[in-house]
Amino acid sequence: RRRAAVKMGLRSALVAALVLAAFALAADRGGGFYLPGVAPTDYEDGALVEVLANKLESKSEHLAYDYHSVLFCRPLDEASGEEKKGRVRSKKHLNFGQLMTGERAEATRYELNMMVDETCKLACISKPSKKALLQTMKMIKKGFMVRLNADNMPVITRSKQSESYWLGFPVGIEHEQDLVLFNHVSFTVLVHRPAPNVISKLDGISADRVHRVVGFEASVRSIDHKLDAQGKLTCDSTSQLKLTQSTERLVFSYDVSFKESDQPWATRWDPLLKASLEQRRVQWLPLINSSA
């Protein structure tokens, strides 16, 4: 089974490489990068910006894993309001490039509304199964990264020491024999206000209240959450959440802020393309797959 998976991975890489070469030539000749036939999404202020889970992957592993195979919050069943059981299927149709490279688009519990900033928002409180707990601890040791997308833009984590960045954010970190889970995410959504004459559908909405997503960034922390005197969740604890085989409760939370950008939607991939050669190598596949 592993041999078959490796063969499929090599075949996918070959197909992606051929498409990649064509895109690289177009990018070098063009200046700005734009995929013909891909229409932007215009979000009215307050509209839902859906965050979808791609996969979990690590440089030390050949195979990627489902986002919901570990401890992260599972989506809710619309009928019962309870967390879904079993495998979580992709929420949207995947294009050929995504299918060939094993991409996914699974629902998450992150609720982002255009131009609505949030702080210390609860994603979920869960009681981890022993299997999921052990799997997550293993992934922390192997340096697995969480891959999420918003409006087909991959989430990136910027380095504080340089202008470099990584695709996704780490599940956690191993520190002095402790396995620390990153259970709090601070999202920054970069948005651009398009000119009124290029907005797809106004329908009586003021152009000042319409934005497009041009970037998606995250920073993570580990928080051993506490409740204040009123029983409200707080995110100001300096204590970290350390996983052990006896961990019984997990709290996941997040912040979100929206930041205006001068980057037009048609060239929103340019900052990623201007990365170093090594970084550019890991950026190509999401770029190809953004045509969904």
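Residues numbered from 1 in each chain as written. Predicted model: local features only at pLDDT ≥ 70, side-chain atom pairs only at ≥ 80, totals over all residues. Heavy atoms only, no water.

Novice: I would appreciate a short explanation of the overall build of the chain in the present structure.
Specialist: Along the chain, the regular secondary structure elements total five helices and 17 strands. Taken over 292 residues, the chain has a buried fraction of 46%. Relative to all contacts within the chain whose residues are 6 or more apart in sequence, the contacts with residues 24 or more apart total 73%. Here the chain displays about 16,300 Å² of accessible surface, and carbon together with sulfur accounts for 52% of that area. (Helix = DSSP H or I, 4+ residues; strand = E, 2+ residues; numbered from the N terminus. Buried < 20%, exposed > 50% of the residue type's maximum accessible area, 1.4 Å probe, protein only. Contact = heavy atoms within 4.5 Å. Areas by Shrake-Rupley, 256 points an atom, 1.4 Å probe, with all protein chains shown as cover.)

Novice: Mind showing me how you'd approach the confidence of the model for the chain here?
Specialist: Should the pLDDT be low somewhere, the predicted coordinates at that spot are not to be read in detail. Per-residue confidence for the chain gives a mean pLDDT of 79, with 73% of residues at or over 70. Per-residue pLDDT stays below 50 along residues 2-34; that stretch engages in 29 contacts with residues further than four places along the chain or on separate chains. Predicted confidence for residues 279-292 stays below pLDDT 50, and this span has 44 contacts to residues more than four positions away or in other chains. (pLDDT = per-residue confidence, 0-100.)

Novice: Please explain the packing of aromatic side chains as it appears in this structure.
Specialist: Geometry of an aromatic ring pair is reported as the spacing of the ring centres plus the angle between the planes. On inspection of all chains with the given rule, the structure shows seven aromatic pairs. Measuring from centroid to centroid gives 5.3 Å for Phe187 and Phe216, while their planes differ by 15°, and the two rings are stacked. Remark: Phe216 occurs in strand E13 (residues 210-221) and Phe187 occurs in strand E12 (residues 184-192); sequence separation between them is 29 residues. Like Phe187, the residue Phe216 is buried in the burial classification. Between Phe187 and Tyr254, the aromatic rings sit 6.4 Å apart at their centres with planes inclined by 65°, giving edge-to-face as the arrangement. Taken together, the positions of Phe187 in strand E12 and Tyr254 in strand E17 (residues 250-260) put the pair 67 residues apart, joining distant regions of the chain. Of the two residues examined, Phe187 and Tyr254, each falls in the buried class. Here a set of aromatic residues connected by ring pairs shows up, and it is made of Tyr110, Phe187, Phe216 and Tyr254. (Phe/Tyr/Trp six-rings, centres within 6.5 Å; stacked < 30°, edge-to-face > 60°.)

Novice: Looking at this structure, I do not really get the sheet that holds strand E11 (residues 178-181). What am I missing?
Specialist: Pairing between the strands of a sheet comes from backbone hydrogen bonds, and it takes one of two forms, parallel or antiparallel. A sheet is described by the order of its strands in space; here three strands give the open sequence E10-E11-E16, paired in antiparallel fashion. One side of each edge strand has no neighbouring strand; the edge strands of this open sheet are strand E10 (172-175) and strand E16 (242-243). Alignment of E10 against E11, held across four bridges, turns out to be antiparallel. Within E11, the position partnered with Glu174 by the bridge is Leu179. Sheet contacts for helix H3 (residues 130-141): E10, E11 and E16; angle to E11, the most-contacted strand, approximately 100°. (Pairing = 2+ DSSP bridges. Axes fitted to C-alpha atoms, helices over the stretch in contact; angles between N-to-C directions.)

Novice: Where do I start with H3 in this structure?
Specialist: The periodicity of an α-helix, 3.6 residues per turn, causes residues three or four places apart in sequence to face the same way. In a regular helix each residue adds 1.5 Å, so 12 residues correspond to 16 Å; H3 covers 17 Å between its end C-alpha atoms and thus fits that length. Among all positions of H3, only Ala132, Leu133, Thr136, Met137, Met139 and Ile140 are buried. Buried positions in H3, seen along its axis, are confined to an arc of 160° and lie on one side of it. Exposed side of H3, more than 90 degrees from the buried face: Lys131 and Lys141 are the residues found there. Here the buried face of H3 lies against strand E2 (48-57), E10, E11 and E16. A positive phi of about 70° marks Gly143, the residue just after H3. (Expected span 1.5 Å × (residues − 1). Arc of directions from axis to C-beta.)

Novice: What's the story with the state of the cysteines in this structure? I'm lost.
Specialist: A covalent bond between the sulfur atoms of two cysteines is referred to as a disulfide. Applying the stated criterion across every chain yields a total of two disulfides. The disulfide partner of Cys73 is Cys124, and the S-S distance across this bridge is 2.0 Å. Taking the torsion about the S-S bond as the criterion, the Cys73 to Cys124 disulfide, at about -85°, is left-handed. Note that Cys73 is positioned in the loop between E2 and helix H2 (96-100) and Cys124 in strand E4 (residues 118-126), a separation of 51 residues in sequence. A relative accessible area of 6% places Cys73 in the buried class. Cys124 sits in the buried class, given a relative accessible area of 3%. (Disulfide = S-S within 2.5 Å.)

Novice: In this structure, what is going on with the environment of Ser261? I would like to understand it.
Specialist: Position of Ser261 relative to the elements: it lies in the loop between E17 and helix H4 (270-273). Taking the C-alpha atoms as reference points, Ser261 and Arg212, separated by 49 residues in sequence, lie 9.8 Å from one another. Setting aside anything within four residues of it in sequence, one finds Ser261 in contact with Leu190, Val191, His192 and Val214. Among the polar contacts made by the side chain of Ser261, one reaches the main-chain amide nitrogen of Gln263 at a distance of 3.0 Å. (Polar contact = N/O pair within 3.5 Å; in protein donor to acceptor, adjacent residues only side chain to side chain.)

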